[in-house]
Amino acid sequence: MNVNRMDVGIVGGGAAGLSAAVTLGRARRSVLLVDGERPRNRFAPHMHGLLSRDGMPPLELLERGRAEARGYGVEIVQGEVDRVERVDGGFLVVGAGREVVVRRLIVATGLVDELPPVPGVDALWGTGAVACPYCDGWEVRDLPLGVLATSPMSVHQGQLLRQWTADLTVFGAVEAGVSAEGLRAFAARGIRLAPPALEVAGSFGNVTVRTEEGEHRVARVFVGARPRPADALLTSLGCASTENPHMGSMVVTDPTGLTSVDGVWAIGNVADPSALVPVALGAGVRAATTINMSLVEEEVASALAASAA
Ligand SMILES: Cc1cc2nc3c(=O)[nH]c(=O)nc-3n(C[C@H](O)[C@H](O)[C@H](O)COP(=O)(O)OP(=O)(O)OC[C@H]3O[C@@H](n4cnc5c(N)ncnc54)[C@H](O)[C@@H]3O)c2cc1C
C-alpha cells in the first residue's frame, strides 16, 4: 500500500465531517475523508429544522454534500477507518484500503443510539418511534403521543413533549425511576401515566403501545435512547474524556472541537450528542477554519526558519 501525505484526514462523512471537508477543500487543503455511510439519522425519511432544506431526506443532504466536497478536490473514500496512530509529522490513518499520514485529524464518527429493549422499537425507529421533538414534533402537534420512559431523565422528555400536544401518555415513568415530584409535575400539566410498554407496533401516524392494561393508540412514541459516542479512535489516541452521569463517557473538546491531543479534533455527535444537523454543520466549519489557521501558522514558522538558515 502507498503511504502518502495530506493536510487533513477526516473520519466520518455525516453533516459534521462533510461540512469540515467542504470548508477545507475551499481553503485549498488536501483532504482525505473516509466514511462508513451510516449516519445516525439514516432511519428517518425526512429531516427537519435545517434552514432552507426542511423535509429533505437526510441521505440526499449527504449525497449533495459529497458532490460539493469532491468539487473542491476532497478525496472521499467509502469504508471504515480501523486505526489511527500518532507518527512523525502527524497521524497515520489506516482503513478502507488506504494508509495516509495527515497533519491534522478530524474525527466526526457520530454516535449509536442504544434503544430500550421494548419489542418493536427497533423496527419503528426513525418513523413511528423517534427521540427528538425539535426534529419530529411539529408533524404530530396536537395528536395523541406517547413517551417510553427509560430513566429518571424521562421526566424532561415528557414535559418537553407537552409543548407539542396536550394528549400525552408517559409509559413506565414510575418503573423508570421518575421522582415523586416529577410525577406530580406530570399530573399538574395533564400528562397521563400508564404502565411500561410491553411492545410497540404499527407505523408513523398509527402506533399501538401494548401494556399490561391493554392497548393505547398514539401517532408516535418518543423514546429516551442512550447515546453511545463512536469514540474508539479518539480514546485509542489518548484523548481525555469526562464521565457524564446520563450519557456516559464523553470526549472533552474546546469550542472549536480540539481535543486534549494536539492536532486532533472531535466534532458533531461524537463529542456532542445533542448536536442536531445545523449544529453539526457549524461545528465542521469552525473546526475547519481553526485547522486551516493552525496549518498556516506552521507554514509561516517553517518559512521563517528556512529564510533564517
Ligand atoms: C431518527 C433520527 C432522526 C433525526 N432527525 C433529525 C432532524 O430532523 N433534524 C436534525 O437536525 N437532526 C436530526 N437528527 C440528528 C442527526 O442525526 C444528527 O444531528 C447528525 O447525524 C449528526 O451528524 P454527525 O456528522 O455528527 O454524525 P453522523 O451523521 O452520524 O455521521 C457519522 C458518520 O461517521 C461514519 N463513521 C463512524 N465510524 C467510522 C469509522 N471508523 N470510519 C469511517 N466512518 C465512520 C458513519 O458511518 C457516519 O456516516 C436525527 C437523529 C435520529 C436518530
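Scroll up a little and you will see the structure.
First things first, this report covers the structure right here in the doc. (Residues numbered from 1 in each chain as written. Predicted model: local features only at pLDDT ≥ 70, side-chain atom pairs only at ≥ 80, totals over all residues. Heavy atoms only, no water.)

## Quick notes on unusual backbone geometry
So, point 1. With phi around 55°, E37 is a residue other than glycine that occupies positive phi space.
So, point 2. Relative to the assigned elements, E37 resides in the loop between β2 (31–35) and α2 (58–71).
So, point 3. Since its relative accessible area comes to 36%, E37 is described here as partly exposed.
So, point 4. Not every positive phi belongs to a glycine, and A96 is a case in point at roughly 55°.
So, point 5. You can see A96 is positioned in the loop between β5 (90–95) and β6 (98–107).
So, point 6. Judged by its relative accessible area of 29%, A96 falls in the partly exposed class. (Helix = DSSP H or I, 4+ residues; strand = E, 2+ residues; numbered from the N terminus. Buried < 20%, exposed > 50% of the residue type's maximum accessible area, 1.4 Å probe, protein only.)

## As for the site of the ligand
So, point 1. The environment of the ligand is formed by 34 residues, the closest being D35, R38, H48, N269 and A275.
So, point 2. Within the backbone of V277, a nitrogen or oxygen atom sits 2.9 Å from an oxygen atom of the ligand.
So, point 3. Every element with two or more residues in the shell around the ligand is listed here: α1 (15–26), β2 and α9 (277–308).
So, point 4. Take the shell around the ligand: its biggest share by element is three residues, from α9.
So, point 5. Taken together, the residues that form the shell around the ligand break down as 16 nonpolar, twelve polar and six charged. (Near = heavy atom within 4 Å. Polar contact = N/O pair within 3.5 Å; in protein donor to acceptor, adjacent residues only side chain to side chain. Nonpolar A, V, L, I, M, F, W, Y, C, P; charged D, E, K, R; others polar.)

## Side note on the layout of surface pockets
So, point 1. Empty space within the second largest pocket amounts to approximately 280 Å³.
So, point 2. Lining the second largest pocket are 13 residues, with L61, R64, G65, E68 and L281 sitting closest to its centre.
So, point 3. For the lining of the second largest pocket, the secondary-structure elements that each account for two or more residues are α1 and α2. (1 Å grid on protein atoms, 1.4 Å probe; cavity = no way out; pocket = protein on both sides within 12 Å on 5 of 7 lines; lining within 4 Å. Points joined across faces, edges and corners; volume = space filled by probe spheres on them.)

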